[in-house]
Structure formats: structure tokens, C-alpha cells
Amino acid sequence: MAIELKYPVLLVLLIPAFLLIYRYFKQINASNSPEKVVIGCLRAVLFFLIIFALTIPQILLPIKEELIIFLTDRSASFEDAETRVIEWLDESIQSKKANQSFAIASFADGAIVEQSLSNKQTVLDQFNGEVKNGETNLEEGIGFAASLLKQGQSGRIVLLSDGNETIGNSKEAAKLLKNQKLELDYVRFKQKFREDMAITRLDVPPTLYEGEKANIVVSIASNVEKTADLRISLNNKDILHEKVTVKEGQNEFSFSDDAFVPGMSIYKAEIAAEKDTFSENNTLYAVTNVKGTPRVLVVQGNQADPLAEILQASGLITDKLIPEKLPTTLAGFLQYQSIIFNNVPGTKVSEQQMNLIEKAVKEFGTGFVMLGGEDSFGLGGYFKTPIEKLLPVDMDIKGKKEMPSLGLVIVIDRSGSMSGNKLTLAKEAAARSVELLREKDTLGFIAFDDRPWVIVETAPLENKKEVIEKIRSVSVGGGTNIYPSLEKAYQELKDLKLQRKHIILLTDGQSAAGGDYQTLISEGKNNNITLSTVALGSDADRNLLEDLAGQGNGRFYDVTDASVIPSILSRETVMTTRTYIEDNPFYPVVQPYPEWTAIFEQGIPKMNAYIAVTAKNRAQVPLISEKKDPILAEWHYGLGTTLAFTSDMTGKWSGDWAKWANWPQFLNTLVVKSLPQYDSEPFRFTIEKENDNTVVQLKAVDGQFLPLDVSVVSQNGAVIDTNSKPTAPGEFEVSFPNKPGMYFLRVKQTSEDGQDKLFQTGFSVPYSDEYLLKATNTGLLKELASLTGGKELQTAKDAFRPLQQKPKRKEPISEQLLLASFLLLVFEILIRRLGFQPFLSLRHLRKKTTKKGEQGGLVGLKQLSMAKAKVKTRVESKREVTESKQEKMKEKPQKPPLPTAAKKRNPVPEVSAEEKEERMKRLLEAKKRKK
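Residues numbered from 1 in each chain as written. Predicted model: local features only at pLDDT ≥ 70, side-chain atom pairs only at ≥ 80, totals over all residues. Heavy atoms only, no water.

Peer 1: Can you explain the overall build of the chain? Please cite residues and give values.
Peer 2: Across its full length, the chain holds 23 helices and 42 strands. Counting the 931 residues in the chain, one finds 47% classified as buried. For the chain, the proportion of contacts with a sequence separation of at least 24, taken over those separated by at least 6, is 73%. When the accessible surface of the chain is totalled, it reaches about 48,100 Å², and 52% of it is carbon and sulfur. (Helix = DSSP H or I, 4+ residues; strand = E, 2+ residues; numbered from the N terminus. Buried < 20%, exposed > 50% of the residue type's maximum accessible area, 1.4 Å probe, protein only. Contact = heavy atoms within 4.5 Å. Areas by Shrake-Rupley, 256 points an atom, 1.4 Å probe, with all protein chains shown as cover.)

Structure (C-alpha cells):
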């Protein structure tokens, strides 16, 4: 047993305490009083106890209980050893001693408990916890295992791993174990041979010119010789597919491709072989920028017009797509310098695709142009969407006082199948519709399951905020019964005196019961009520809903992507008013913008119609209508330029514009103004991996040391949080958490004269090293064990061998020392105030009692009993005498009380305090002499 002091420096207080005690003894030396000597000794002990207690002394007691934490690797590179690990654990636990407990934890990219601490000799049959096996983070695993042991507990960690660490720093974790006096042993499992092949490198020049040959280099590593299929694609189109013979070790293959597609081009290399262990390491990407003629994407609505051909004839490379074929990754949009929506309904573009376009415009300078028509702008359902955010106009319009009176009832399914994202988007869609309405418009909201629930009574809007809160409070219910809720909606609108009355029905299921829909809708039509329906998902009754919309003079929407629901409901709300279309022929007015006025020098053609929108504050409006509504508007959004033309391309709305001689020049100018302006090579960059981060090293070509504005965006459009810092003149470092995939980099640098340099490119973060087959890293495992005093376990029984470093439990004793100090202080006070006399009297009494006790035995007991009997007799006789006296007193006549004067004749003489004290002193001196 040993003692440890938490604050040993406080022992220095013993020095002044010693001086005080020394001075005290020096003063009492002359008197030579034994009482004062004892008091001095007590005070010395008291000082020592208090000062010792302040140092927080702790007694170190040995801990008998031992805890063993088995930490097993469950990463991809070690997954084939799982069965052998469980068998080894089962064998090991049979040798457990009574004072030993164990737990099992597993780790990969993260760590979890598989079996909590137990002293039973049972082990799990299989690992049930879920971990991400794409990385091996030994540092996190060791730290997690150590956290299962309380501070000061005696224990050991047994590591079952191949030691191939891909992220983290396990050596730092081992050093912490050493400080905690915890041992780390390891078990080496022989790896089974597994065939695997991996693409380790894909090189393409970062910049090419149109028509230049691109040299493509593919490196493949394999642990066996075999034949494999190698495929290389450019922007998701195959350009090469060959069978190649891959030898054991490193292999390198070279190919070439003509760069005919300007813009950002993404090469992808894939390899496939039989009995390949990991598919994750079979793909790599590379990005190059091809300089040349701008490439634009025309997204065409349902109408037929020659827009794509006109742009192609003007020298632009043009791709034409329908909205259903739009790309679903950011790379698909970044290969174009501009994107044109030609009368495209927002109900056919998912929310994710709109977000990708918004990121391409804002972060990478891609241009965007929206052209009008009956499916565009507000009529297309773009209200409150990412597309409206990037455009120079708002879909909502001024002059709502001129709109017809409107009554709208939204009927939404709230059955169990609508739980999650479906109901959330449906409620958000209804909230957008509320924002589009005027406060005097009438709105009702009904949610239904097996019966209708009126959430918002059908009445004129007075408090939009309150109505939206009610709509968003709807929760999921039970079954689906359409007819009662639809009947309720018709009843709500039936007797209202409004110019437009419309119902929107949305459901993802089939009604549990039928109803007379035909009669209901027919009566509704007589009351000027129209009906549109939305079928959401594969389980909806499409035939019924399409038939209801046809009978109700409305529109039917067949939806597979729930994210378009808000666009559908906002489109329906706008379509119901019909006042967003301005169809009185007019001559647009040209505003004084030089780049546009030159086109209209010979006059301006007549226009038939346009969609009413509202220009945003910072937008430029080169063309306006007679009502001051924008016909053409433009602005800068982030790094991109976007334009809005509110008439169409067919001539149905644009009128004489489609026959105008300058029509192709106008369209070409419209697109050219949206093209990005940036230098493609102001920086050179390299990609590295450091610990858990991907690091992009940027080097400015001109070497200028100026601040950078950097943005990194993933394939799905998510902006990545980055850390940017300068490392040398003209050199910068951009780091972000490592995660495999395609990323796109945008760099903006503003010079001292205000000129902007823009640079954009893409790069691939390769798969984790976890998917490269490697031998067991015995060197690292040995180093971790040596840092903590552990070793390699040769047998399973060794896991429960006695601990080399047995920790001790610390038991603080400060409270006990303070209690002893208090008792000593009380004792010192008693001696100082009363002296030794009370203690000597107690000692004399104790001696007399002891002498009487020595005559004990039976005689003593008899004498004691006889004495008690005598005392009892005397008490009883005294009681009898007292009682007889009291009776006699009662018989005698009472004497009258003496007068006050009589009492004062013989007064008791009073004694002063000084006399009393003097008498006491004489008595004490007399007693001492007798002794």
C-alpha cells in the first residue's frame, strides 16, 4: 500500500507551521508546565494533519478485477476472417478467470459495441452491429475500446486486425493507452488468398483544344494474371471497349481520343474480371477542359420550333433534349456553357435537377435562358423553385386587383402510405399555393384518409401565415376513401359567388369505396367548378384519377417523383386565374441598352402575347410591354448570366417576331450573352490525400499572392465545406473531408485592378486504400503493442493472462484527516480550559472501581444485591415517613404567613464573587496538600 499526493507542493506550508510551533515551545520553556507542553504537541499534530489533508492524499489499493476488451476489425480488407475471429474468441473466453470480465467491440470507419461487459463464458454467434467498411480507422477503434474502461480500471485491449490503417493515426491512440496504463495485444490472422484487380490511375491532359488528340493512360494493379474487359467512356458515352490481358503486378495501357466536344469532358475507366474481390476499385474518373466552340443544351417542351437549328446555324454546338432526359448529375450540366429552357413545364423537372442547374449557374458560371409559352414561367409551376431563384424575374405578378375572384380547395391524401417525404412535399406545395393567392381569394384545405378532415375552412384568406401553419400541421392517418372528401370539397364551393372555382385532388392510393363521381362532377360543372387530379406513385388509381380530371375540365398529372408536387400545385393555382397570359397584340418598347438597340434599328415587330412576370430589383430590362411588364430581362446570378424572354418561339405568341429578319440574330445574341467568360488556365492543381482529408494544391500561373474565392461541389450538387489557406506566394491549399467520388472546383481571384480570373475544373477522389489487397501490416501491429507493453498472442488462452501493469484504486483520505484534526482540536481546547484535573479524577475513579472489581466473583455479586436491597428498603422507609408527615401537616392548623418585615429580620448575608473565587482557590490548595 502506498500514498499519493495530488498537490504535494502544499507541504511547503509545514515550514511556517514548524516556525510557529518552535516559537511556542520557546515561550513556554521557562514555565515548564506539562499542560502547555501537551497543548504544543497537539497543535503540532493538528497543523500537520490539516496541511496533509490539503495535499489531497490518496491511498493506492490494488484492483483485483481485470477487464479485457476484444477489438475486431470489420473493414472490407478483413471481412473474410470473421468466422475465424468468432471461433478464436470462443476458444479464448473458455480460459477466463473468475475475476476477469470481457466485452467485444468492432470497428472499421467508426466503432460499435458487439457485446457489453460480462463475466459469463458466452460469446456471440455473429457480429450484428452495422459499420461502414470502406475505411480502417484504428485510431477511432482503439479510442472507443479504451472508453469502455472507466478511469483507473485494470484492463487490456486485444486487437484482431490486419493492421492496414487507411485513415487516422493509431500510434497517437496507443500513446494514450500507455498513459492510462492499458495494455494492447494483437492477434495476427493469416489472410486467405483472394483474386483482385484495381484501376490505380487514369491520366488525361487537364486542358485540350478542339480537335486535339487526348492521350489516355490507364494503370491496373492485379495479384493474378487474367483477362479483363476494359471500358472507357466520355460524358457517359463509350469511346473504347477492349479485352486486355492483365499480368500480376502493375500494368499500364495507353489509348488516344480526338477531343471534338468543347467544354468540360469527363472520362471514365472501368474494368471487369471474373472472381474479382472488390468492385469498388474498378472505376476511376478524370476531367479535362476542351477549348473550342461553345456548347449549349436546348431543353425542348412539347411544341415544335426551329430554335436548335437556328443556334446550330449560328455556329454554336447544340444538343437537344426533352425534359425527361435531363442529366441527374452536376457533370451532365457542366459540359455545357449555357442551358436553354424552351417552354419547359416545371412539373417535368425534378427538384434535384433544378438544384443542379442552380449550382452550375451560381458556382461555375454556366448560362441559363428561359423562353416563354403556355408551360413556362408561372404557368409552368416554377414559383418558389431553384429556377425562379436564378432568373431575373419573379413568377408572381403585379396588378392582382385585376384578377378574377377565385375559390380553390386542395384535397390531399393523408393515409399511411403518404408518410415521410410524400406528405411533406404535398404540404409544402399547398403552402406555396397559399402564397400565390390574394388575401381576398377563397381557400379551403381538406386532408382525408378513411374520411375527410377539414383543416382550413373554405373562406376568404385573412391570415396567410396562420393558414400555412395549419396546413403544415397535418399528420399521417389511416386508410384511403376518396369520394367523401371530394364530395365535401364540391359542397364547400357550390354556393360561393366566385368567377373561378377549382379543386385539386392528390392521392397515392386507391379508394376503399366507390361513389357516384359522374353525378357529383356534373353538378359541379353546372356551378362552374373544375377539377384537376394528381396520381402519385405506382399504387395510385390512374384510370380513375385521369377520368375524374377529364370529366372535371381540369388536368391530370401522373407523378413518379414526389419532388415535382410543389410545381404542380403552383401551376394549377396560376392556371386557374388565367390572367397571367397577356394576349392583346402590342409593340414592345426597347430600353436604352446598346447591345440590344442595334438589333432594333430597323424597327420592332408586333407581338401577340406573353406571360406576365415581375422583374427583380437588380435586373436589367431591355424590352418591356405597354403595361411595363418585362418581355426581356437579364442579370448576373453568382458567376453566371441568366435571361428571361416571356414570349414563345413558335410565332403563336411572338407573332411577327418569328418572321422577322433579325430573329436568328436576336436568338443568337440571347444565348451568347449567357455564355461564361473565364480563363481556362489561370491555375495548375494537384490532388493529394492527407489523413482523413482530400487536399487540392493550387498554383497561380502568374504567381500573384491574392485572395481566392473557392467552391467545391459534389456530383449531386452539394456544396462542400472547405478550408482554404495560402502556403507560398501564388500557391494555395484547399482541403475538405475525404470521400470518394466526382467533385467540381471553381476558383475566382480578383486582381488589384478589379479584374476577375475564373477557373473551373473537375477531379475525382479515388476509392479508399481499403479496397487494395495488402498483406498484414505486422510492423504497425508490433509497434502499437510495444508502445503499451503488450505483445502478439500466440494462443487464444493468452488473452486472459495476468496483467503486467496492475493499476491501483485511489482512495482519498482527506476527510478522515480533517475529522481527526477536529477531534484533536476539541481535545486541545478541553486541556487548555480545564487542565488535567478532570482526566485525573476520572483515572482515580477508574482505579477504585477496579479494586472493588478485584474482590468480585460470587461474593461481590451477593454484596451488590444486598446493597441494592438495603437501598430499596431505605427509600421505602423514607417514603413512608414523608407520607405520614404530610398527613400530620394536613391535620394541624395553618400558621398565617409572616409579614414582610419579619422576613427581613434575619437576612442571609450575601457573598461577593471575589470571595467565592478566593474560597474555591483555598479548597483546591487544601485538596492538593492532602494528596
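Structure shown, so let's carry the discussion forward.
Peer 1: Provide a residue-level description of helix H8 (residues 351-364), including the pertinent values.
Peer 2: Its 14 residues place the ends of H8 19 Å apart at the C-alpha level, agreeing with the 20 Å of an ideal helix rising 1.5 Å per residue. Taken as a whole, H8 has its buried residues at Gln353, Met354, Leu356, Ile357, Glu358, Lys359, Ala360, Val361, Glu363 and Phe364. (Expected span 1.5 Å × (residues − 1).)

Peer 1: Can you break down the pattern of salt bridges residue by residue, with the values?
Peer 2: Note that side chains of opposite charge can pair when their charged atoms are close. What the rule picks out here adds up to 42 salt bridges. Among the salt bridges present, the one from Arg231 reaches Asp238, with a minimum N-O distance of 2.7 Å. By relative accessible area, which is 28% here, Arg231 ends up partly exposed. Residues Lys384 and Glu435 are paired through a salt bridge, measuring 3.3 Å at the closest nitrogen-oxygen approach. Residue Lys384 is located in the loop between strand S19 (367-371) and helix H9 (386-390), and its partner Glu435 is located in helix H10 (residues 421-436); the two are separated by 51 residues in the primary sequence. Under the relative-accessibility criterion, Lys384 is labelled partly exposed at 42%. The partly exposed category is assigned to Glu435, whose relative accessible area is 27%. Three or more residues joined by partner-sharing salt bridges are found here, namely Arg156, Glu183, Asp185 and Arg801. (Salt bridge = Lys/Arg side-chain N within 4 Å of Asp/Glu carboxyl O.)

Peer 1: Account for a nonpolar patch on the surface, with residues named and values stated.
Peer 2: Residues Val12, Leu13, Ile15, Phe18, Leu19, Tyr22, Ile50, Leu54 and Leu818 make up a contiguous nonpolar surface patch of about 870 Å² in total accessible area. Elements that contribute at least two residues to the nonpolar patch include exactly helix H1 (14-28) and helix H2 (34-54). No other element matches H1, which puts 4 residues into the nonpolar patch. One can find Tyr22 in helix H1. (Patch = residues over 30% accessible without salt bridge, like charges linked within 9 Å, V, L, I, M, F, W, Y side chains within 5 Å.)

Peer 1: Residue-level account of the sheet that holds strand S14 (residues 263-272), with values.
Peer 2: With mixed pairing, the 5 strands of this open sheet are ordered in space as S9-S15-S14-S11-S12. Two strands close off the open sheet at either side, each with one partner strand: strand S9 (207-209) and strand S12 (237-246). Across the sheet, the axes of successive neighbouring strands diverge by a mean angle of 25 degrees, strand direction being ignored. Of the pairings in the sheet, the one linking strand S11 (residues 226-234) to S12 comprises 9 bridges and is antiparallel in character. Across the sheet, Ala228 pairs through a bridge with Val244, a residue of S12. (Pairing = 2+ DSSP bridges. Axes fitted to C-alpha atoms, helices over the stretch in contact; angles between N-to-C directions.)

Peer 1: For the pairing of strand S26 (residues 556-559), give the residues involved together with the corresponding values.
Peer 2: What you see with S26 is a clean split: Tyr557 and Val559 sit on the buried side and Phe556 and Asp558 on the side with no burial. Two strands pair when backbone bridges link them, and strand S25 (residues 529-536) and S26 are joined in this way by 4 bridges, in the parallel orientation. Bridge pairing in S26 places Thr533 opposite Phe556. You can see the chain leave S25, run along helix H14 (residues 542-551) and come back into S26, and the turn it takes is right-handed. (Right-handed = clockwise from strand over helix to strand, strands pointing away.)

Peer 1: How would you summarise the confidence of the model for the chain if you had to cite specific residues and measurements?
Peer 2: Predicted confidence across the chain gives a mean pLDDT of 84, with 88% of residues reaching 70 or more. The low-confidence segment residues 900-905 (pLDDT under 50) makes 1 contact with residues lying over four places distant or belonging to another chain. (pLDDT = per-residue confidence, 0-100.)

Peer 1: Before we move on, can you summarise the pairing of strand S38 (residues 723-728) with the specific residues and values?
Peer 2: As paired strands, S38 and strand S39 (residues 731-737) are joined by 5 bridges and run antiparallel to one another. Across the sheet, the residue bridging to Lys725 is Glu733, located in S39. What sits between S38 and S39 in their antiparallel hairpin is a turn of 2 residues, with Gly730 showing a positive phi close to 80 degrees.

Peer 1: Go over unusual backbone geometry, please, and point to the residues and values.
Peer 2: For Ile56, which is not glycine, the phi torsion reads 50 degrees and is therefore positive. Looking at the element boundaries, Ile56 is found in the loop between H2 and strand S2 (57-62). A positive phi angle, near 50 degrees, is found at Asn235, a position not held by glycine. Tracing the sequence through the fold places Asn235 in the loop between S11 and S12.

Peer 1: Describe the nonpolar core, naming the residues involved and giving the relevant values.
Peer 2: Core analysis: the biggest nonpolar cluster contains 52 residues, and Phe341, Phe368 and Leu391 have the highest contact counts within it. What Phe368 contacts, discounting residues up to four positions off in sequence, is Ser338, Ile339, Phe341, Ile357, Val361, Ile387, Leu390, Leu391, Thr641, Thr642, Leu643 and Ser674. (Core = buried A, V, L, I, M, F, W, Y, C linked by side-chain atoms within 4.5 Å.)

Peer 1: Which residues make up the environment of Ile720, and what values do they have?
Peer 2: Position of Ile720 among the secondary structure elements: in strand S37 (residues 719-720). Note: C-alpha distance between Ile720 and Tyr743 (23 residues apart in sequence) is 9.2 Å. Discounting chain neighbours no more than four positions away, the residues touching Ile720 are Val712, Ser714, Phe736 and Tyr743.

Peer 1: Can you break down the side chain of Glu358 residue by residue, with the values?
Peer 2: Within the fold, Glu358 resides in helix H8. Owing to a relative accessible area of 4%, Glu358 belongs among the buried residues under this scheme. At 3.3 Å, the side chain of Glu358 forms a polar contact with the side chain of Lys359. At a separation of 2.3 Å, a polar atom in the side chain of Glu358 contacts the side chain of Tyr637. Ignoring any residue separated from it by four or fewer positions in sequence, one finds Glu358 in contact with Pro386, Lys389, Leu390 and Tyr637. (Polar contact = N/O pair within 3.5 Å; in protein donor to acceptor, adjacent residues only side chain to side chain.)

Peer 1: Got a sec to walk through the packing of helix H4 (residues 138-147) against helix H5 (residues 170-179)? Specific residues and values, please.
Peer 2: Interaxial distance between H4 and H5 falls to 7 Å at its minimum, and their mutual angle equals 20 degrees. One way to sum up the angle between H4 and H5 is to call them roughly parallel. As for how H4 packs across H5, the hand of that crossing is left-handed. The residues of H5 that touch H4, namely those facing Leu138, Glu139, Ile142 and Ala146, are Ser170, Glu172, Ala173 and Leu177. (Parallel < 35°, antiparallel > 145°, perpendicular 65-115°, else oblique. Left-handed = near helix turned anticlockwise from the far one by under 90°.)

Peer 1: An account of the packing of H2 against helix H19 (residues 814-834) is requested, with residue identities and associated values reported.
Peer 2: The geometry of H2 relative to H19 is characterised by a closest axis approach of 9 Å and an angle of 160 degrees between their N-to-C directions. Taken together, the axes of H2 and H19 lie roughly antiparallel to each other. At the point where H2 passes H19, the crossing takes the left-handed sense. When H2 is examined against H19, the residues Glu35, Val38, Ile39, Leu42, Arg43, Val45, Leu46, Leu49, Ile50, Phe52 and Ala53 are found in contact with a partner set consisting of Ser814, Leu817, Leu818, Ala820, Ser821, Leu824, Leu825, Phe827, Glu828, Ile831 and Arg832.

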